[in-house]
Amino acid sequence: MERMAVNLAEEIKEVEARSREAIKEAKSGAARMVNEAKTEAERRVKEAKQKAFRQYKEKIASVEKEAEEKAQKVVETGRKNAENLAQQFGKEVPSTAKWIAEEVISRYGRG
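Residues numbered from 1 in each chain as written. Predicted model: local features only at pLDDT ≥ 70, side-chain atom pairs only at ≥ 80, totals over all residues. Heavy atoms only, no water.

*Asks:* What am I meant to see in the overall build of the chain here?
*Replies:* Check the secondary structure of the chain and you find two helices and zero strands. For the chain, whose C-alpha radius of gyration is 47 Å, the value lies well above the compact-globule estimate of 13 Å for 111 residues. Counting only C-alpha atoms and orienting by the principal axes, one finds that the chain spans roughly 155 × 25 × 10 Å. Across the 111 residues in the chain, those meeting the buried criterion constitute 1%. Within the structure as shown, the chain displays about 10,600 Å² of accessible surface, and the carbon and sulfur contribution to it stands at 58%. Taking the average place of the 25 positive charges on the side chains of the chain and the average place of its 21 negative ones, the gap between the two points comes to 5 Å. (Helix = DSSP H or I, 4+ residues; strand = E, 2+ residues; numbered from the N terminus. Rg over C-alpha atoms; globule rule 2.2 N^0.38 Å. Buried < 20%, exposed > 50% of the residue type's maximum accessible area, 1.4 Å probe, protein only. Areas by Shrake-Rupley, 256 points an atom, 1.4 Å probe, with all protein chains shown as cover. Lys, Arg positive; Asp, Glu negative; His and termini not counted. Charge placed at Lys NZ, Arg CZ, Asp CG, Glu CD.)

This is the structure:
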C-alpha cells in the first residue's frame, strides 16, 4: 500500500508538472498571439494613414489643377475684355482730343 501511495504521489507530481508546463506554453502562445495582433493592427493603421494621405495629396493636386484652369480662363476673358474696351474707346481718343483742343483754343485762343 505504501508503494501505491508513493507511485500515486509521483504520478500526481508528474501531472502537476505537465500541467504547469502546458499552462506556461499556453500563456506564451497567448502572449505571442496578442503581440502578433498588435503588430498587425499597427501595420494596418499605418497603411490606412498612408492611403488617406495619398488620397488627400491627390485631391489637393486635382483641386489645384482645376483652380489653375479656372484662373487661366478668367484671366483670358479679362484680357479679351480689356482689348475690346481699348479698341472701342481707342477709336474715340482722336475725336475727344480734337474736341478738347477746340475747346481750349476757343476759350484761350491760339497762343
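Back to the text.
*Asks:* What's the story with the pattern of salt bridges in this structure? I'm lost.
*Replies:* Pairing between side chains of opposite charge can happen when their charged atoms approach one another. Counted by the stated rule, this structure contains six salt bridges. Taking the shortest distance from any N to any O, the salt bridge between Glu47 and Arg43 comes out at 2.4 Å. Of this pair, Glu47 and Arg43 both sit in helix α1 (residues 2–90), separated by four residues, roughly a single helical turn. By relative accessible area, which is 39% here, Glu47 ends up partly exposed. Between Glu66 and Lys70 there is a salt bridge, and its shortest N-O distance comes to 3.3 Å. Of this pair, Glu66 and Lys70 both sit in helix α1, four residues apart, which is roughly one turn of that helix. Residues joined by salt bridges that share partners form a network here, namely Glu40, Arg43, Arg44 and Glu47. (Salt bridge = Lys/Arg side-chain N within 4 Å of Asp/Glu carboxyl O.)

*Asks:* I keep staring at a nonpolar patch on the surface and nothing clicks. Help me out?
*Replies:* Taken together, the side chains of Trp99, Ile100, Val104 and Tyr108 define a hydrophobic patch exposed on the protein surface, amounting to about 480 Å² of accessible area. The residue Tyr108 is located in helix α2 (residues 93–108) in this model. (Patch = residues over 30% accessible without salt bridge, like charges linked within 9 Å, V, L, I, M, F, W, Y side chains within 5 Å.)

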